[in-house]
Amino acid sequence: MQEAEVPRAALTDAISEDILCDLAELFKVFGDSTRIKILYDLFSGEKNVTEICRDLEMNQSAVSHQLKILRTAKLVQGRREGKSIVYALADEHVKMIIAMGIEHTEE
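Residues numbered from 1 in each chain as written. Predicted model: local features only at pLDDT ≥ 70, side-chain atom pairs only at ≥ 80, totals over all residues. Heavy atoms only, no water.

Q: An account of the overall build of the protein chain is needed here, citing residue identities and associated values.
A: What the protein chain contains, in helices and strands, is six helices and three strands. Along the protein chain, helices (α) and strands (β) appear in the sequence α-α-α-β-α-α-β-β-α when read from the amino end. Going through the 107 residues of the protein chain one by one, you find that 24% of them count as buried. Across the protein chain, contacts joining residues at least 24 apart in sequence account for 51% of those joining residues at least 6 apart. When the accessible surface of the protein chain is summed, it comes to about 8,100 Å², and 54% of that surface belongs to carbon and sulfur atoms. (Helix = DSSP H or I, 4+ residues; strand = E, 2+ residues; numbered from the N terminus. Buried < 20%, exposed > 50% of the residue type's maximum accessible area, 1.4 Å probe, protein only. Contact = heavy atoms within 4.5 Å. Areas by Shrake-Rupley, 256 points an atom, 1.4 Å probe, with all protein chains shown as cover.)

Structure below.
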């Protein structure tokens, strides 16, 4: 099935340059395999840094650095539980983006 062609003027009217730049920045965050692994690891639910490190066989410094980037991009959220922070996907959109990416690459 062929998609309808969108006239160029309609595209620029429909979305601002700022939104396009924000979208490009968001996709840059998805451009790192470690961050994708962390997001995929959080599919199963909340985890603290120690659990993510164990699952990915990575050191805490590397995982914490990537979690900071993911939090800044609003892809994960953290909440304090005792002395540690428990991380989770920010919302279902994140899971959908990853799942759709996997589906697309497997075609």
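Q: Tell me about the packing of aromatic side chains, residues and numbers included.
A: Tallying each qualifying case throughout the model produces two aromatic pairs. An angle of 50° between the planes, with centres 6.4 Å apart, marks the rings of F27 and F30 as tilted. Ring centres of Y40 and F43 lie 5.0 Å apart, and the angle between their planes is 40°; this geometry places the pair in the tilted category. We note K95 situated over the ring of F43; from NZ or CZ to the ring centre the distance is 5.3 Å. (Phe/Tyr/Trp six-rings, centres within 6.5 Å; stacked < 30°, edge-to-face > 60°. Lys NZ or Arg CZ within 6 Å of the ring centre and 35° of its normal.)

Q: Help me get a handle on the pairing of strand β2 (residues 76–81), residues and values and all.
A: Both β2 and strand β3 (residues 84–89) contribute to a ladder of six bridges, which runs antiparallel. Residue pairing in the sheet places R80 in a bridge with I85 of β3. Where β2 folds back onto β3 in an antiparallel hairpin, the turn is made up of two residues, including G82, whose phi is positive at roughly 70°. (Pairing = 2+ DSSP bridges.)

Q: Quick one: what's the story with the packing of helix α3 (residues 33–41) against helix α4 (residues 49–56), residue by residue and with numbers?
A: Where α3 meets α4, the closest approach of the two axes is 10 Å, and the angle between their N-to-C directions is 115°. What the angle tells us is that α3 and α4 run roughly perpendicular. You can see that α3 and α4 cross each other, and the crossing is right-handed. Contact residues: K37, I38 and D41 in α3; I52, D55 and L56 in α4. (Axes fitted to C-alpha atoms, helices over the stretch in contact; angles between N-to-C directions. Parallel < 35°, antiparallel > 145°, perpendicular 65-115°, else oblique. Left-handed = near helix turned anticlockwise from the far one by under 90°.)

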